Amino acid sequence: MLRGQFEQGEDMTARFGELMEQVRRADMLGYASITKGSHYSAYPLQDFQQLPFLARASAEGPNLRLNAGLVLLSLHKPQDIAEQLASIDVMSGGRVIFGAGLGYREVEFKAFGTTQSERVKRFEENLEAVKRLWTEETVDMKTSHFELMGAACPMKPAQKPHPPIWIGANSDPGIRRAARLGDCWYINPHNRLDTTYRQIEVYKRALDELDKPFPTELPMRREVFVAPTREEAIRICRPFLEIKYKVYHQWGQDKAMPEGDDNLGLDFEELIRDRFLLGSPDEVAEQIIGLSRGLGVNHFIMSVQWPGMPQSLVLETMHALAEEVLPKVRQGM
């Protein structure tokens, strides 16, 4: 995952060049995908916007899938999202993944003229409309906040019937919604792993009730850092991870998390416990293998860049994962 978030005062032109180098390096090292998240009004961080970033990155990394993970779908109008993502899918030769989520920040809802109380209804209406625009010639649909009258997305996505739809969710109701509406649940990076193991059972039960099979692709995002020892990994990544999770806490990400696992303002040692993948190559490989076997995850979205981290360290980590960790994972599966 290339967050593209940097502290105030950073030269964003220079940082963009570094991010494109990361895309090229990911392509060269054989990674499967790159992911760009989405936030608006991201202060105190600076942030590149998701869809233009992925459009440019598609040319820099021609073998990488492009994960829009996540589009804050309840903020938007479906006509725009359908045509934007269809365009990127066609331009990239069918490499888009449509990740969709509700959003949780009041500043974003107010800026887009909506409220948190409307977000679930808007999300479901928007998702239905995007699917229909991608698969039907014209669409008539009247909802709580838009009306399609003979509307069309004339250029359909390259992938048929449409790009894969990954639904991000923190809460149990959100996970059941992911089972109902998406191709898979996109497992979040914040919940403790004991919470995630409990919630995978929520997901499986929801699939069974819907008579849907377990997905062939189950993605999970985690913060990942590798060094010769776990102690060294924690020491090196701590100042950068602390910046990011301090901001998450300020933004209220905790409020979107399930009860009992809803505090990102913990001391760092407590925060990282049973939550992130940090350690030596052997330790991180073992953690990935364990999650794959225990949860069924087979697409890991690894966040290895946080605000303040120098480019040299990001590239070093990307190489360490590709060359020292992932071969061990493949051997162990």
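Here the structure is shown first, and the text comes after it.
Quick look at the structure, then. (Residues numbered from 1 in each chain as written. Predicted model: local features only at pLDDT ≥ 70, side-chain atom pairs only at ≥ 80, totals over all residues. Heavy atoms only, no water.)

**Brief notes about the nonpolar core**
Core analysis: the biggest nonpolar cluster contains 109 residues, and Tyr31 and Phe98 have the highest contact counts within it. The leading source of residues in this core is helix H11 (residues 311–332), at 10 residues. Ignoring any residue separated from it by four or fewer positions in sequence, one finds Phe98 in contact with Ala68, Val71, Leu73, Ile81, Leu85, Leu127, Val130, Trp134, Pro163, Pro164, Ile165 and Trp166. (Core = buried A, V, L, I, M, F, W, Y, C linked by side-chain atoms within 4.5 Å. Buried < 20%, exposed > 50% of the residue type's maximum accessible area, 1.4 Å probe, protein only. Helix = DSSP H or I, 4+ residues; strand = E, 2+ residues; numbered from the N terminus. Contact = heavy atoms within 4.5 Å.)

**Observations regarding the pairing of strand E10 (residues 219–226)**
With 8 of its 8 residues buried, E10 lies for the most part within the structure. Here E10 pairs with strand E12 (residues 299–303) via 5 bridges, running parallel. Residue pairing across strands places Met220 opposite Phe300, the latter belonging to E12. Relative to strand E11 (residues 277–279), E10 runs parallel, the two being bridged by 3 bridges. If you follow Val226 over to E11, its bridge partner there is Gly279. (Pairing = 2+ DSSP bridges.)

**Concerning the pattern of salt bridges**
As enumerated under the stated definition, the model contains 21 salt bridges in all. The residue Glu269 makes a salt bridge to Arg238 at a minimum N-O spacing of 2.7 Å. Here Arg238 lies in helix H8 (residues 230–251) and Glu269 lies in helix H9 (residues 268–272), a separation of 31 residues in the sequence. Residue Glu270 pairs with Arg273 through a salt bridge whose shortest N-O separation is 2.2 Å. The exposure class of Glu270 is partly exposed, given its relative accessible area of 37%. For Arg273, a relative accessible area of 46% gives the class partly exposed. One salt-bridge network, in which partners are shared between bridges, spans Glu10, Arg15 and Glu18. (Salt bridge = Lys/Arg side-chain N within 4 Å of Asp/Glu carboxyl O.)

**Description of the environment of Val139**
Among the structural elements, Val139 can be located in strand E6 (residues 139–142). By relative accessible area, Val139 is classed as buried at 0%. With sequence-adjacent residues up to four places away left out, Val139 is seen in contact with Arg132, Leu133, Leu148, Met149, Gly150 and Ala151.

**Comments concerning the pairing of E6**
Working note: regular strand, side chains alternate between the two faces of the sheet. Burial of E6 is one-sided: the residues Val139 and Met141 facing one way are buried, the residues Asp140 and Lys142 facing the other way are not. Relative to strand E7 (residues 147–151), E6 is paired through 3 bridges, and the arrangement is antiparallel. Its bridge partner being in E7, Lys142 is matched across the sheet by Glu147. Between the antiparallel neighbours E6 and E7 lie 4 residues.

**Details of the packing of helix H6 (residues 172–181) against helix H7 (residues 193–210)**
Between H6 and H7, whose axes approach to 9 Å, the crossing angle comes to 40°. Regarding the angle of H6 to H7, the classification is oblique. Classified by chirality, the crossing of H7 by H6 is right-handed. Side by side, H6 and H7 meet where Asp172, Ile175, Arg176, Ala178, Ala179 and Arg180 of the first sit next to Arg198, Gln199, Val202, Tyr203, Ala206, Leu207 and Leu210 of the second. Across the contact of H6 with H7, the residue classes tally to 8 nonpolar, 1 polar and 4 charged. (Axes fitted to C-alpha atoms, helices over the stretch in contact; angles between N-to-C directions. Parallel < 35°, antiparallel > 145°, perpendicular 65-115°, else oblique. Left-handed = near helix turned anticlockwise from the far one by under 90°. Nonpolar A, V, L, I, M, F, W, Y, C, P; charged D, E, K, R; others polar.)

**Focus: the side chain of Ser58**
Along the chain, Ser58 turns up in helix H2 (residues 50–60). If sequence neighbours within four positions are ignored, Ser58 has contacts with Leu66, Ser92 and Arg95.

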